[in-house]
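Geometric and topological summary
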Amino acid sequence: MSRPQIAVDRNSPVPLYFQVAEQFAAAIHRGELAPGDRLDSELRLADRLGLSRPTVRQAIQHLVDKGLIVRRRGVGTQVVRVEVRRSVELTSLHDDLLRSGQRPSTSVLELAVVRCPPEVAAALGVAPGTEVQHLRRLPFADGEPLAVMENWLPVDRVRLTIDALQRDGLYGILRAGGIRIRSAHQLIGARAATGAEAHMLGERRGAPVLTMTRTGYDDQGLHVEHGAHIYRATRYSLEVSVAER
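Residues numbered from 1 in each chain as written. Predicted model: local features only at pLDDT ≥ 70, side-chain atom pairs only at ≥ 80, totals over all residues. Heavy atoms only, no water.

So, about the overall build of the protein chain. Of regular secondary structure, the protein chain possesses 7 helices and 11 strands. In the protein chain, which comprises 245 residues, the proportion classed as buried is 42%. A separation of at least 24 residues holds for 59% of the contacts in the protein chain among residues at least 6 apart in sequence. Only carbon and sulfur atoms are counted for the fraction: they give 49% of the accessible area of the protein chain, which is about 13200 Å². (Helix = DSSP H or I, 4+ residues; strand = E, 2+ residues; numbered from the N terminus. Buried < 20%, exposed > 50% of the residue type's maximum accessible area, 1.4 Å probe, protein only. Contact = heavy atoms within 4.5 Å. Areas by Shrake-Rupley, 256 points an atom, 1.4 Å probe, with all protein chains shown as cover.)

Turning to the confidence of the model for the protein chain, a few remarks are in order. In the predicted model, the protein chain carries a mean pLDDT of 85, and the fraction of residues at 70 or more is 89%. Strand E3 (residues 84–87) is the least confidently modelled element of the protein chain, averaging 52 in pLDDT, while strand E7 (residues 147–154) averages 95, the highest of any element. (pLDDT = per-residue confidence, 0-100.)

When the terminal C-alpha atoms of helix H1 (residues 16–30) are compared, their 21 Å separation across 15 residues agrees well with the 21 Å that a helix rising 1.5 Å per residue should span. Among all positions in H1, only Gln19, Val20, Ala21, Phe24, Ala25, Ala27 and Ile28 are buried. Of the residues flanking the end of H1, it is Gly31, one or two places downstream, whose phi is positive at about 90 degrees. (Expected span 1.5 Å × (residues − 1).)

Bringing the pairing of strand E1 (residues 69–72) into the picture now. Sheet topology note: the E1/strand E2 (residues 76–79) ladder contains 4 bridges and is antiparallel. By the bridge assignment, Ile69 is partnered in E2 with Val79. Hairpin remark: E1 followed by E2, antiparallel, with 3 residues in the connecting loop; positive phi at Gly74, about 80 degrees. (Pairing = 2+ DSSP bridges.)

Now for the nonpolar core. Among the nonpolar cores identified, the biggest contains 20 residues, and Val20, Phe24, Leu33, Leu39, Leu63 and Ile69 are the most heavily contacted of them. If you list the elements that add at least two residues to this core, you get H1, helix H2 (42–49) and helix H3 (53–65). With 6 residues, the single largest contributor to this core is H1. With near-sequence residues (within four places) excluded, Ile69 lies in contact with Ile28, Leu39, Ile60, Leu63, Val64, Thr77, Gln78, Val79 and Val80. Core analysis: the next-biggest nonpolar cluster, separate from the first, contains 14 residues, Leu135, Tyr171, Ile173 and Val224 among them. (Core = buried A, V, L, I, M, F, W, Y, C linked by side-chain atoms within 4.5 Å.)

With respect to the secondary-structure elements, Gln78 resides in strand E2. Taking the relative accessible area as the measure of exposure, Gln78 reaches 14% and is therefore buried. At 3.1 Å, the side chain of Gln78 forms a polar contact with the backbone oxygen of Gly36. Once you skip the residues sitting within four places of it in the chain, Gln78 turns out to touch Gly36, Asp37, Arg38, Leu68, Ile69, Val70 and Arg72. (Polar contact = N/O pair within 3.5 Å; in protein donor to acceptor, adjacent residues only side chain to side chain.)

The next subject is the packing of H2 against H3. Here H2 crosses H3 at 115 degrees, and the two axes come no closer than 9 Å. Taken together, H2 and H3 sit at an angle that is classed as roughly perpendicular. Here the hand of the crossing between H2 and H3 comes out right-handed. Facing Glu42, Leu43, Leu45 and Ala46 of H2, the residues of H3 in contact are Arg53, Val56, Arg57 and Ile60. (Axes fitted to C-alpha atoms, helices over the stretch in contact; angles between N-to-C directions. Parallel < 35°, antiparallel > 145°, perpendicular 65-115°, else oblique. Left-handed = near helix turned anticlockwise from the far one by under 90°.)

Where H1 contacts H3, the two axes come as close as 8 Å, and the packing angle between them is 45 degrees. On the basis of their axis angle, the class for H1 and H3 is oblique. With respect to the hand of their crossing, H1 and H3 are arranged in right-handed fashion. Counted together, Leu16, Tyr17, Phe18, Val20, Ala21, Glu22, Phe24 and Ala25 of H1 and Thr55, Gln58, Ala59, His62 and Leu63 of H3 form the full contact between these two elements. Looking at the contact of H1 with H3 residue by residue, the classes come out as 9 nonpolar, 3 polar and 1 charged. (Nonpolar A, V, L, I, M, F, W, Y, C, P; charged D, E, K, R; others polar.)

Here we come to the pattern of salt bridges. Per the counting criterion, the structure on display carries 9 salt bridges. One salt bridge connects Glu42 with Arg57, and the closest N-O pair in it is separated by 3.2 Å. Here Glu42 is found in helix H2, whereas its partner Arg57 is found in helix H3, with 15 residues between them in sequence. Its relative accessible area of 17% is what places Glu42 among the buried residues. Take Arg57: its relative accessible area is 36%, and that puts it in the partly exposed class. The shortest N-O distance in the salt bridge between Arg167 and Asp168 comes to 3.2 Å. Classification of Arg167 as exposed rests on a relative accessible area of 54%. Within the structure, one salt-bridge network assembled from shared partners comprises Glu42, Arg53, Arg57 and Arg71. (Salt bridge = Lys/Arg side-chain N within 4 Å of Asp/Glu carboxyl O.)

Dropping the structure here:
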């Protein structure tokens, strides 16, 4: 059983169950509680924290609702892998992971100047065969592979390096070069992973993956980059807010 230090303030206006849940959530995000770790039973937690069982039960349910732990018959309450939930907006995966308290890292699989393939040339607004920068990356969240990301960029906007990509991410490099993506066209879908993709992502062949293609534009309406990405459906989800016009 994993036992992070949990302290409650009975004089605080914050409900006791929420204090307990938030401290467990923080321990999970810090890595103090790892996927597969089991928590004490409700009875033991209530006794250790000096709280009622209904209060502890409410805290546990809050963590279950947030997708941080799961109850399994015959096993108990276990920590699960934290799913990356990402809003569909003009942000980078690197920045989103930092904001969510996860540790991003990147393996650059390819970085080269290539002849632009026809399907990408149309998205970038260049002639087929034009020289463009091409990169493939394998981003990680807390050391676990999350996606396979492929991008193409014009050669005359910004120069990419492996060190900068590993340190700052693609959008960080663009911002440092004075380029900001102000609008984008995105297409989101799903399919089965190929054998090679499954191997890189630590999934089985044919496992479901989310797909996203994105073409980004700067504030002048000029093409900045085109990307074709796949994400592990077991670790990643997209959130969309809608409103009636």
